[in-house]
Amino acid sequence: MAYIHYRPIQGRSPGFLALLGALAALIMAGLAAARYMEHQGHYVTGMSNQIVWGTPHVFAVFLIVAASGALNVASIASVFGRDMYKPLARLSGLLAITLLLGGLAVLVLDLGRPDRLIVAMTHYNFKSIFAWNIFLYTGFIAVVTAYLWMMFERRMNDYIEPAGFIAFFWRLALTTGTGSIFGFVVAREAYDTALYAPMFILMSFSFGLAVFILALMAAYRGAGRPLGDLIVLRLKNLLGLFVAAVIYFVVVYHLTNLYFTGRHGIERFVLLDGGIYTLLFWLGQMLIGGFLPLALLYHPVSRRSRRAIAGAAACVIVGGLAQLYVIIIGGQAYPLDIFPGKDVTSSFFDGQVAAYVPSLPEVALGVGGMALAIALTVIALKVLPFLPRSLADSDIDADPAEPGKERPAAA
Amino acid sequence: MSLGRRDFLGLGVAAAAGVAMAPGVRLIELVQARSPEEAASALQRWGLRIDTAKCTDCEVCVTACHEENGVTGHGRPATDAQWIRKVDLRDKRTGHAQTLPLMCQHCEHPPCVDVCPTGASFKRADGIVLVDKHTCIGCRYCVIACPYGARSFIHESVTDQKPDVPRGKGTVESCTLCVHRVDRGETPACVEACNRDGGKAMVFGDLNDAAGELHQRLRKEQSSPLRPELALNTGVRYQHL
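Predicted model, so just to flag it, every value in this text is computed and none were measured. Residue indices follow the written sequence of each chain, beginning from 1 at its first position. Throughout, the order in which chains and ligands are written sets their labels, letters from A for the former and numbers from 1 for the latter. It should be noted that, the model being predicted, local features are given only for residues of pLDDT at least 70 and side-chain atom pairs only at 80 or more, the latter also being counted only at that level, while totals for whole chains, interfaces and linings use all residues.

Colleague: What is the right way to read the overall build of chain A from this model?
Modeller: Here a helix means four or more residues in a row that DSSP labels H or I, a strand means two or more in a row labelled E, and each is numbered from the N terminus. What chain A contains, in helices and strands, is 13 helices and three strands. In terms of overall size, chain A behaves like a compact globule, its C-alpha atoms giving a radius of gyration of 22 Å where 411 residues would be expected to give roughly 22 Å. Put simply, chain A has 411 residues, and 52% of those count as buried. The contact criterion used here is simple: two residues whose C-beta atoms, placed from the backbone, lie within 7 Å are in contact. When contacts within chain A are restricted to residue pairs at least 6 apart in sequence, long-range pairs at least 24 apart make up 79% of them. To get the radius of gyration, use the C-alpha atoms; to get the globule rule, take the number of residues to the power 0.38 and multiply by 2.2 Å. Between the buried cut of 20 or more and the exposed cut of 12 or fewer other C-beta atoms within 10 Å of a residue's own C-beta lies the partly exposed class, and all C-beta atoms are placed from the backbone.

Colleague: Which parts of the structure should I look at to understand the overall build of chain B?
Modeller: Counting its secondary structure elements, chain B contains seven helices and nine strands. Computed over C-alpha atoms, the radius of gyration of chain B comes to 23 Å, more than 25% over the 18 Å expected from 2.2 N^0.38 for 241 residues, which places it beyond the range of a compact globule. With the principal axes as the frame, chain B shows a C-alpha extent of 95 × 45 × 35 Å. Per-residue burial over chain B gives 44% buried out of 241 residues. Residue pairs in contact within chain B that sit at least 24 positions apart in sequence constitute 61% of those at least 6 positions apart.

Colleague: Would you mind going over the sheet that holds strand β2 (residues 84-91) of chain B with me for this structure?
Modeller: Sheets are built from strands paired through backbone hydrogen bonds, the pairs being either parallel or antiparallel. By the convention used here, strands pair only if DSSP detects at least 2 bridges between them. Across the sheet, which stays open at both edges, the three strands sit in the order β2(A)-β2(B)-β3(B) with antiparallel pairing between neighbours. Whereas interior strands pair on both sides, the edge strands pair on one side only; in this sheet they are β2 (342-346) of chain A together with β3 (97-103) of chain B. With direction set aside, neighbouring strand axes in the sheet form an average angle of 30 degrees. When β2(B) meets β3(B), the two strands line up antiparallel, connected through seven bridges. Helix axes use the C-alpha atoms of the stretch in contact, all axes being lines fitted to C-alpha atoms, and the angles between their N-to-C directions lie in the range 0 to 180 degrees.

Colleague: Would you mind showing me how to read the domain arrangement of chain B here?
Modeller: How large an interface is tends to be reported as the accessible area lost when its parts come together. Segmenting chain B into domains produces domain 1 (1-32) and domain 2 (46-239). Note: domain ranges come from an automatic or database domain assignment. Between the C-alpha centres of domain 1 of chain B and domain 2 of chain B the distance comes to 51 Å.

Colleague: Got a minute to help me understand the sheet that holds strand β1 (residues 46-51) of chain B in this structure?
Modeller: All names here are of chain B. With respect to topology, three strands assemble into an open sheet ordered β8-β1-β9, the strand pairing being mixed. What marks the edges here is a single partner per strand, and that holds for β8 (202-206) and β9 (236-239). Each neighbouring strand pair of the sheet contributes to a mean axis angle of 20 degrees, computed without reference to strand direction. Here five bridges tie β1 to β8, and the two strands are oriented antiparallel to one another. The residue of β8 that forms the bridge with Arg49 is Val203. Strand contacts of helix α6 (residues 189-197): β1 and β8, with the helix running at about 135 degrees to β8, the strand carrying the most contacts. Strand contacts of helix α7 (residues 213-220): β1, β8 and β9, with the helix running at about 115 degrees to β8, the strand carrying the most contacts.

Colleague: How do you make sense of the interface of chain A and chain B when you look at a structure like this?
Modeller: The partner chain B presents 45 residues to the 37 residues of chain A that form the contact. Those elements that place two or more of their residues in the side of chain A that touches chain B are α5 (117-122), α6 (129-152) and β2 of chain A. Per-element accounting of the side of chain A that touches chain B gives the leading share, five residues, to β2(A). In this count, Pro and Cys sit with the nonpolar residues alongside Ala, Val, Leu, Ile, Met, Phe, Trp and Tyr, while Asp, Glu, Lys and Arg are called charged and the others, Gly among them, polar. Among the residues forming the side of chain A that touches chain B, the class breakdown is 17 nonpolar, 14 polar and six charged. Bridge count for β2(A) against β2(B) is five bridges, and the pairing is antiparallel. Its bridge partner lying in β2(B), Val344(A) is registered against Leu89(B).

Colleague: Help me out: how do you make sense of unusual backbone geometry in this one?
Modeller: Generally, phi is negative for residues other than glycine and the peptide bonds are trans, each holding for most cases. Residue and element names in this part refer to chain B. One non-glycine residue, Arg227, adopts positive backbone phi at about 50 degrees. Residue classification places Arg227 among the buried positions, given that 20 C-beta atoms sit within 10 Å. Even without a glycine there, the phi angle at Asn233 is positive, about 50 degrees. With respect to the helices and strands, the residue Asn233 is situated in the loop between α7 and β9. A residue is classified by how many C-beta atoms lie within 10 Å of it, and Asn233, with 16 of them, is partly exposed.

Colleague: Just checking my understanding: could you explain the packing of helix α2 (residues 55-70) of chain A against helix α12 (residues 306-333) of chain A for this structure?
Modeller: Two packed helices can be described by the angle between their axes and the distance between those axes. Residue and element names in this part refer to chain A. As a packed pair, α2 and α12 sit with axes 9 Å apart at the nearest point and diverge in direction by 125 degrees. In terms of axis orientation, α2 runs oblique to α12. In this structure, the crossing between α2 and α12 has a hand that is right-handed. Taken together, the residues of α12 that come into contact with α2 (itself represented by His57, Val58, Val61 and Phe62) are Gly320, Leu321, Leu324, Tyr325, Ile328 and Ile329. Looking at the contact of α2 with α12, its residues break down into eight nonpolar, two polar and no charged. In this scheme, roughly parallel covers angles under 35 degrees and roughly antiparallel covers those over 145, while 65 to 115 is roughly perpendicular and the rest are oblique. A clockwise turn of the near helix away from the far one marks a right-handed crossing, whereas an anticlockwise turn of less than a right angle marks a left-handed crossing.

Colleague: Teacher, can you tell me more about the nonpolar core here?
Modeller: We call a set of buried Ala, Val, Leu, Ile, Met, Phe, Trp, Tyr and Cys residues a nonpolar core when their C-beta atoms link them within 7 Å. Within the largest apolar cluster, 198 residues are counted, with the highest numbers of intra-cluster contacts made by Phe62(A), Leu63(A), Leu99(A), Leu100(A), Val211(A), Leu239(A) and Cys190(B). With 16 residues, the single largest contributor to this core is helix α8 (residues 196-223) of chain A. What Phe62(A) contacts, discounting residues up to four positions off in sequence, is Phe207(A), Gly320(A), Leu321(A) and Leu324(A).

Okay, here's the thing in structure tokens:
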């Protein structure tokens, strides 16, 4: 196989510095928002006693889910033995760590008592999936760091495969844990389903790959390095498959709920008359996050266009945020069914759809987490050789065992 | 009268024995009452019976609870804490109207305790579900997991706290069944107020005490937990619902 030359990016151009400056500003805004929320108390946000997890959690869960998905490209190379993906494995591992750090930063800074992080690290209730997730998240960073070290250090290269296996199984456990945060909640009709574990895994495949594709394209464009169609079109096919798989899980989830009479209320809320949640479901999650990317990725006119592929990846990210908004916030907004068959009213908003409007500090914190993930990635790319000098088709080992359906005409 | 050496020694030994044993004898007396140092015991399971037929439109239970526990609002209903609330029900088919107080149901298998990452949400041996204010990190997972919407997150600074009821911004809280009163052998503030000024709809007691009023009433009269399908075996049971 061809030897892969990795080089750090130069990172001296005005554009690069401007990018870092913009990211730093967004991170500072996020920190200021967290400080403001912590100092004033959460009443300054859109969150309430009915919607206790808001916009920060949408961003945080998105980043955490995307983090495990971003590792897939490396897994395909070392677990499933596809040589073509090997040059991408380092970037894949890097994004897995940086996205997770961005998500965790948001989650921690939104806590009512972020100063008690040490308590969360020293007191565990092992029946809580949240406590397990603390181990899964920190362990994931350790496992992927070790995995990256095996890739970087030539004398450790022999251990890439076992490290890749461990990282792959760890990431499956991690997303199972993230999905189960909601799946294990017996109190609410939108949750309480084992389906969320595999659904979140597929969501992570899709969101993570979308982020990976955009990061790859942006990095190669920014660094002025060649990026051939062979890789881009292969990733594109994979993204299409994952987007379709997420739609499948969403359809199964809603069909199951529609079959249970007791869950018709929540289905009616999400699918028909839930206002913003219905709009986000159909327009955001299904159209922008599902059917539009599929059309862009597979339509004969657009399927080879870089711009269309990047657009599809961006759509998947927007749709993913919409999907998590519907799951996390919509799931809480729909009232608890404490008294079936009764109309319920109280001063605590029983029986009513809870009101929620995202506030500026929440959005700033969430966006700050995203900026942190991007900034850490960009800095790492400058410091260490994560990216191959060239990903031109001539420098890529296409797998003969897996001929791409979308091979460029010249190849 | 002179005291012989033998008598003196005998008296001395008796006095010493008396001094040594007295605290022990006193301890036996103290065992009858629960001292503040004594741990809650699983021999008890504190609970409530609420008769919705007797519950009237009044809010004395709510007022008494919030006064007792220093729960004050900031005029922001969406974020102000509520430990107990009055809920009005109307049957969708028949239009039959009812009202009842709703608070932490003190489940035997509390979902809030299951999901709490740090173990700050916990259940005492005697069934009272509480939040340890020192280890709550304010993640609010318990608020999401509670099937009764019984928990509140403290959205802003609290002032004028009661010495018995520590509270703090950024943590979660809910009805403690007035644990500080129960530990003194008293009844929760809501029950006391309801029986004094309200419809006398609430009975507090030990579910395990076969001779107690609560046990006797529940044995004779039909009652049910809220959301029985969740099988949480709540400490609060409702009648005529």
